[in-house]
Amino acid sequence: MKHEEKKIQHLPASCSGEDIAAALTADGAVIVDSVLSPAYVDEVNAELRPWIEKTSAGPDTFSGKNTRRTGALIARSRKCRELVMHPLALGACGKFLAHATSYQLHLTQVIAIGPGEPAQTIHRDQWAFDFFSFPKGFEVQCNTIWAMTDFTERNGATRVIPGSNRFDDKLRFKEEDTIPAEMTRGSVLFYSGSVYHGGGANRSEETRIGINITYNLSWLRQEENQYLAVPMEVARTLPVELLRLMGYQRGAYALGYVGDLLDPIQIVRPDITNTGLGDTQGTTEKLKKQGRELRQG
Ligand SMILES: O=C(O)CCC(=O)C(=O)O
Ligand SMILES: [Fe+2]
């Protein structure tokens, strides 16, 4: 089956979160070019290299038997903490996931696709939620892949079907139904949980390295367990905004509370007395409204 070949839109690094969210709504995928300088990418790669070297290849063909997936990036890399909180990512999530009380970090993972790796099965990332079919247009994820090497068709650039965010669920596609998200090192691919995509086949002699940082609605489970991946003594040193993204916040009125209805941030940072019920992402008003509705109901 050959689909109408839609291109992947490119935006300049000067674009806004709104621009990204609009492109995601239209096509489910968009590339923002040259966001990170070559020097910045070098620093990130230097921090990650020892961890990638220690990582084993995947256990199955979906993970990739010639692909190394290295997680816990908040614990392991200071630069990745900055990427998790990159203003373009948070700006895009703030718009694209604005229909929920808040959003959170879903996972942090280097995906290093080695030479000879075949193409990954085309999928929707939101199938992670036990293959539940969310209503069309109801977006539950906002995802990034930061290119740490150039992404080319030959070295395994992510394959995407632009516009497939509006397709039916549980469809099957072949590599030739997709197009490669080719981008230069330092660029970033944004894609929705609903867009059909997959890692490309690496037909080159080099390893393709991307950093997958994804975000989801706070009422869903996170794919990577941040509470266990980041030791508490490290967590205590992190900015409050990052802690909240990691899940130290209430997902809606009561999701994730601790003890006597405490905001989980108070366990990590007992010095924070004014919890603001989640003081980022404009959640305070939404949570207060939910509280009023419950009291009235
Ligand atoms: O590495 C890539 O390009 C994409 C991988 C992917 O889609 C996944 O593992 O869910
Ligand atoms: Fe994926």
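Reading the values: rules and limits
Residues numbered from 1 in each chain as written. Chains lettered and ligands numbered in written order. Predicted model: local features only at pLDDT ≥ 70, side-chain atom pairs only at ≥ 80, totals over all residues. Heavy atoms only, no water. Pairing = 2+ DSSP bridges. Helix = DSSP H or I, 4+ residues; strand = E, 2+ residues; numbered from the N terminus. Expected span 1.5 Å × (residues − 1). Buried < 20%, exposed > 50% of the residue type's maximum accessible area, 1.4 Å probe, protein only. Contact = heavy atoms within 4.5 Å. Near = heavy atom within 4 Å. Polar contact = N/O pair within 3.5 Å; in protein donor to acceptor, adjacent residues only side chain to side chain. Areas by Shrake-Rupley, 256 points an atom, 1.4 Å probe, with all protein chains shown as cover. 1 Å grid on protein atoms, 1.4 Å probe; cavity = no way out; pocket = protein on both sides within 12 Å on 5 of 7 lines; lining within 4 Å. Sits in = over half its atoms within 2 Å of the grid points. Nonpolar A, V, L, I, M, F, W, Y, C, P; charged D, E, K, R; others polar.

> Is there a simple way to think about the sheet that holds strand E6 (residues 159-160) in this case?
Across the sheet, 3 strands lie side by side as E7-E6-E9; this open sheet has antiparallel pairing. The open sheet is flanked by strand E7 (179-180) and strand E9 (197-198), the only strands paired with a single partner. Sheet topology note: the E6/E9 ladder contains 2 bridges and is antiparallel. Paired with Arg-159 across the strands is Gly-198, a residue of E9.

> Honestly, helix H2 (residues 38-54) in this entry has me stumped. Any pointers?
Side chains of residues three or four places apart in an α-helix project in the same direction, reflecting 3.6 residues per turn. Here H2 spans 25 Å end to end across 17 residues, near enough to the 24 Å set by a 1.5 Å rise per residue. Within H2, the full set of buried residues consists of Tyr-40, Val-41, Val-44, Asn-45, Leu-48 and Ile-52. Turning to H2, the residues buried within the fold contact strand E3 (67-70), helix H3 (73-76), helix H4 (78-84), strand E4 (103-113) and strand E10 (208-217).

> Is there a simple way to explain the site of ligand 1 in this structure?
Taken together, Arg-69, Ile-111, Ile-113, Gln-120, His-123, Asp-125, Ile-145, Thr-158, His-197, Gly-199 and Arg-208 make up all the residues around ligand 1. At a separation of 3.1 Å, an oxygen atom of ligand 1 approaches a polar side-chain atom of Gln-120. Burial of ligand 1 by the protein amounts to 95% of the accessible area it has alone, namely 290 Å². Taken atom by atom, the bulk of ligand 1 overlaps the largest pocket. Looking at the shell around ligand 1, its residues break down into 3 nonpolar, 5 polar and 3 charged.

That is the geometry; function is a separate question.
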